[in-house]
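Letter by letter, the chains look like this.
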2 protein chains.
Amino acid sequence: MTIREDILIERIRKRIPSSRSKLLRVGIGDDAAVLRTSPGMEWVLTCDQFIEGVHFLAGVHPPNAVGYKALARATSDIAAMGARPRLFLLGMALPAARTGRWLDGMLGGMARAAKQLGLTLAGGDTARATSAKGGVALGVTVLGEIRSGQAVRRSGARPGDAVFVTGQLGAAQLGLELVLRGMHRQARWHRFLAAHYYPKIQVELGQWLARRGLVSAMMDLSDGLSTDLSRLCRASGVGSLLYGDKIPAVLIPKGLQKIGDARQLALHGGEDYGLLFTVPERSVVRIPRAMYGTRITRIGEIVAGRGVRISGAGGRASKLAPRGWDHFKTTR
Amino acid sequence: MTIREDILIERIRKRIPSSRSKLLRVGIGDDAAVLRTSPGMEWVLTCDQFIEGVHFLAGVHPPNAVGYKALARATSDIAAMGARPRLFLLGMALPAARTGRWLDGMLGGMARAAKQLGLTLAGGDTARATSAKGGVALGVTVLGEIRSGQAVRRSGARPGDAVFVTGQLGAAQLGLELVLRGMHRQARWHRFLAAHYYPKIQVELGQWLARRGLVSAMMDLSDGLSTDLSRLCRASGVGSLLYGDKIPAVLIPKGLQKIGDARQLALHGGEDYGLLFTVPERSVVRIPRAMYGTRITRIGEIVAGRGVRISGAGGRASKLAPRGWDHFKTTR
């Protein structure tokens, strides 16, 4: 199938909201996008790659889910700074076999994510993957806006702060395990697959927390609680104690208990894309138990020192090693 | 070889200039970068992918050249808007075999490009390519700064404007042809390989032209003059006439004349990354013949109508089809 780049760009424009935003002086179709800045605001910027064989399996993951998730996971980093998602750039390398229906499905999923997340397409770059090696490679750059100085970093946690997470932990990992075992066509496990395919990004809650100045540190849960909390602690120069009986673990139905232990999935499972944040003691009362349809759970506290410990039966606490996802470790 | 993501990020930081820029409120190591905006300035933004088997051949192209070019070609879009390059984000997916010496070489080349182009690393994302399919995939996002309203678009060319290009055309394509024929180890052809491996980006000239308001439209030459000029004309709603005897074609030495015709390489060869721009008649006298070490050549004029024509012997002009590089065309 032969398709011209200009025609491809038109197809993308038609499917993904890319109407002139007042934030864009120059949008799609020129060499680069030009951003206006609103007075008193700053831009927040992140990029993510989403690559066939690494982040998704083209034979298994529906193209719609690929497009949705590629954009959602990049936007999660914007939400975790407390910023409002505004614009994105899309880079694609596509083998010829993926420029037809697969591409339409992928763009459809991405358009849905863009609408939910409040994003407008501002530009990008396309290339054909010509070699035998070439799978689909998506590069997503997302821009958010935030009032100057309000962005929430990972490094602000202080001893005495409370540690919170949103949502249930481990559901996305359970969905991935179903995919890896070829069990993803069973309709009764749909909600775990949905957690894996279409993660909900906490864009409203992130902004709400940042605007009110309630949080001392925040990040998104992408690689698993044990790994992400240890990163937050290292960035802040502190340690933390998790309450072992308070972790909001996914409930595993009977038929799936052989797949994994709920506690292990909750502590080490990746890609939940909830928010992990710390709150100074004086502000804890202002954190609701649920908001924007999402449960918010206090799971521990920040302590002096370093590393993450978790309390167990009998009041004893033990070290919790970061055993979440690390792309560059060969064992987990 | 096992390597932790955090350690990898430290290796990148050590090699690529990423010291706190005053433009960055938050840089590497958090979920996203936060940009300050200088008063009266706008951000210019572009992303590019650079993928093994598509944009480079890992067995042929030196890792140093891969890193250099990945950053240089993305920055070329910033130069073509007339903006000053400032910050970049780097996304990488790497097979395990490329996390050692290859990575160091690649980062070395990228660091050199960053220094030359005035860029500081502001963040990024790393992943391991785990599948058999996985080659190296680099995603580069570059940000430039420009005074509000000064960015030069593709769409401003008007009938009567003069058309200019910088540099010699076709040298990078000649270098690529040498690579494809396995002739890239012959030292005497070094300058063509250098044009292909280490393209010079016209960041100073682009800014100079934009600051003085001399140009009505500008873009970079990435896919070949015939294709890029036809895009500029379409964006501007005009046509153009090229002076067939004024095209600054690469001079092909005797031993290489079987590889390609100089005129064809100059008209259709890609990746020269010079600037293509149009100048209203009243400003033509202010365009020097050379600047910042680069030749500047008037090669044609903008006319009413559409399409690109080229004058030939006997004063007759013929249609010039866009036959440069299009990633989504199967034939050239």
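Quick notes on the rules
Residues numbered from 1 in each chain as written. Chains lettered and ligands numbered in written order. Predicted model: local features only at pLDDT ≥ 70, side-chain atom pairs only at ≥ 80, totals over all residues. Domains from an automatic or database assignment. Contact = placed C-beta atoms within 7 Å. Helix = DSSP H or I, 4+ residues; strand = E, 2+ residues; numbered from the N terminus. Nonpolar A, V, L, I, M, F, W, Y, C, P; charged D, E, K, R; others polar. Expected span 1.5 Å × (residues − 1). Buried ≥ 20, exposed ≤ 12 C-beta atoms within 10 Å, placed from the backbone. Pairing = 2+ DSSP bridges.

Topic: the domain arrangement of chain A
Residues and elements named next belong to chain A.
Then step 1. Domain boundaries in chain A define domain 1 (5–147) and domain 2 (162–319).
Then step 2. Residue-level contacts link 16 residues of domain 1 with 18 residues of domain 2.
Then step 3. A per-element tally of the side of domain 1 that touches domain 2 places helix α2 (residues 63–79) first, with 9 residues.
Then step 4. Per-class residue counts for the side of domain 1 that touches domain 2 are 9 nonpolar, 3 polar and 4 charged.

Details of the interface of chain B and chain A
Then step 1. Contacts between the two partners involve 63 residues from chain B, matched on the other side by 63 residues from chain A.
Then step 2. Element by element, the count of residues in the side of chain B that touches chain A is highest for strand β3 (residues 41–51) of chain B, at 9 residues.
Then step 3. In terms of residue class, the side of chain B that touches chain A is built from 25 nonpolar, 20 polar and 18 charged.

Quick word on helix α7 (residues 225–236) of chain B
Residues and elements named next belong to chain B.
Then step 1. Here α7 is 12 residues long and its end C-alpha atoms lie 16 Å apart, about the 16 Å a rise of 1.5 Å per residue gives.
Then step 2. Taken across its 12 residues, α7 has 9 buried, putting it largely inside the fold.
Then step 3. What α7 keeps buried is the set L225, S226, T227, D228, L229, S230, L232, C233 and S236.
Then step 4. Looking at the packing, one finds that the buried side of α7 touches β8 (217–220), β9 (239–242), α8 (262–268), β10 (275–279) and β13 (307–311).

Regarding the pairing of strand β10 (residues 275–279) of chain A
Residue and element names in this part refer to chain A.
Then step 1. The buried count for β10 comes to 5 of 5 residues, which makes it a mostly enclosed element.
Then step 2. Neither face of β10 is left uncovered, since the one carrying L275, F277 and V279 and the one carrying L276 and T278 both have all their residues buried.
Then step 3. Alignment of strand β7 (residues 162–166) against β10, held across 4 bridges, turns out to be antiparallel. If you follow A162 over to β10, its bridge partner there is V279.
Then step 4. Two strands pair when backbone bridges link them, and strand β8 (residues 217–220) and β10 are joined in this way by 4 bridges, in the antiparallel orientation.

Concerning unusual backbone geometry
Residues and elements named next belong to chain B.
Then step 1. Despite not being glycine, E271 shows a phi value in the positive range, around 70°.
Then step 2. Not every positive phi belongs to a glycine, and Y273 is a case in point at roughly 55°.
Then step 3. With respect to the element layout, Y273 can be found in the loop between α8 and β10.
Then step 4. Judged by local crowding, Y273 falls into the buried class, with 24 C-beta atoms found within 10 Å.

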